[in-house]
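Report on the structure
As a plain string of letters, each chain reads:
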Amino acid sequence: MTPNPEHLAEQGKQAFAAKDFHGAASFFTEAASNYEALEDTLNAAEMKNNLSVALLQAGKAKPAYEAAAGTDEIFARAGDVERQAMAFGNQGAALEALKKFDQALEAYERSAALFAEAGETEMRSIVLQSAAAIKLRRGKMIDSALSMIGSVESTKKPTLMQRFLRFLVRIKR
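Residues numbered from 1 in each chain as written. Predicted model: local features only at pLDDT ≥ 70, side-chain atom pairs only at ≥ 80, totals over all residues. Heavy atoms only, no water.

**A few points about the overall build of the chain**
- Within the chain one finds 10 helices and 0 strands.
- Order of helices (α) and strands (β) in the chain, N terminus to C terminus: α-α-α-α-α-α-α-α-α-α.
- In the chain, which comprises 173 residues, the proportion classed as buried is 39%.
- The contacts in the chain between residues at least 6 apart in sequence include a share of 47% that link residues at least 24 apart.
- Within the structure as shown, the chain displays about 9800 Å² of accessible surface, and the carbon and sulfur contribution to it stands at 56%. (Helix = DSSP H or I, 4+ residues; strand = E, 2+ residues; numbered from the N terminus. Buried < 20%, exposed > 50% of the residue type's maximum accessible area, 1.4 Å probe, protein only. Contact = heavy atoms within 4.5 Å. Areas by Shrake-Rupley, 256 points an atom, 1.4 Å probe, with all protein chains shown as cover.)

**Thoughts on the layout of surface pockets**
- By volume, the largest pocket amounts to about 200 Å³.
- As for the largest pocket, its lining consists of 16 residues, of which Met 86, Gly 89, Asn 90, Ala 93 and Tyr 108 are closest to the centre.
- Element by element, the count of residues in the lining of the largest pocket is highest for helix H6 (residues 81–97), at 5 residues.
- The residue makeup of the lining of the largest pocket, split by class, is 10 nonpolar, 6 polar and no charged. (1 Å grid on protein atoms, 1.4 Å probe; cavity = no way out; pocket = protein on both sides within 12 Å on 5 of 7 lines; lining within 4 Å. Points joined across faces, edges and corners; volume = space filled by probe spheres on them. Nonpolar A, V, L, I, M, F, W, Y, C, P; charged D, E, K, R; others polar.)

**Observations concerning the confidence of the model for the chain**
- The share of residues in the chain with pLDDT of 70 or more is 79%, and the mean pLDDT across the chain is 86.
- This model gives residues 168–173 a pLDDT under 50, and the stretch forms 4 contacts once residues within four places in sequence are excluded. (pLDDT = per-residue confidence, 0-100.)

**Topic: the packing of helix H5 (residues 71–78) against H6**
- One can describe the packing of H5 onto H6 by two numbers: an axis separation of 8 Å at closest approach and a directional angle of 170°. Considered as vectors, H5 and H6 are oriented roughly antiparallel to each other. Where H5 approaches H6, its residues Thr 71, Asp 72, Phe 75 and Ala 76 are matched on the opposing element by Arg 83, Gln 84, Ala 87, Phe 88 and Gln 91.
- In terms of residue class, the contact of H5 with H6 is made up of 4 nonpolar, 3 polar and 2 charged. (Axes fitted to C-alpha atoms, helices over the stretch in contact; angles between N-to-C directions. Parallel < 35°, antiparallel > 145°, perpendicular 65-115°, else oblique.)

**Notes on the side chain of Gln 91**
- Tracing the chain through its elements places Gln 91 in helix H6.
- Taking the relative accessible area as the measure of exposure, Gln 91 reaches 6% and is therefore buried.
- At 2.8 Å, the side chain of Gln 91 and the side chain of Asp 72 are in polar contact.
- Dropping the residues within four chain positions of it, Gln 91 is found in contact with Tyr 65, Ala 68, Ala 69, Gly 70, Thr 71, Asp 72 and Ala 107. (Polar contact = N/O pair within 3.5 Å; in protein donor to acceptor, adjacent residues only side chain to side chain.)

**Brief notes about the packing of helix H4 (residues 61–68) against H6**
- Where H4 contacts H6, the axes come no closer than 8 Å and their chain directions differ by 155°. Here H4 is positioned roughly antiparallel relative to H6, judged by the angle of their axes. Classified by chirality, the crossing of H6 by H4 is left-handed. Of the residues in H6, those in contact with Ala 61, Ala 64, Tyr 65 and Ala 68 of H4 are Asn 90, Gln 91, Ala 94, Leu 95 and Ala 97. (Left-handed = near helix turned anticlockwise from the far one by under 90°.)

Next comes the structure, spelled out in structure tokens:
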């Protein structure tokens, strides 16, 4: 009998929480396979994104990218904008770890646009900060500053520094 994919997914989450990223990756891989066997493509894609995050934490950027690649299309077909945005964000993180900065930036920007469409301001803020960090590393100070301002403006519960940046943005306008 095939193990219950929901149980495998829960075990993967527990392993991840315990920082056993290799164990989590194993559980997520098996859960994705079992969901695929049940022809549950959405949950299989969700598990592949979880797998991507676990692999990235384990220092395996290339397999992390491969796990998340194409999942955005599955979510797009299902009309699940938020998980599509998350998939692009996961792809961006893996591409950034692979030092493919142009591709990572593109993935982050697609992710941010979709998070905005879904009304998910906190996740959009995180993705915009990742994009800003890439721009900053590449010496694009103005682009980085604009990305960071967009990130700050979309945060519901800003930190003290973010509130200060909001204040500065208002003064300049």
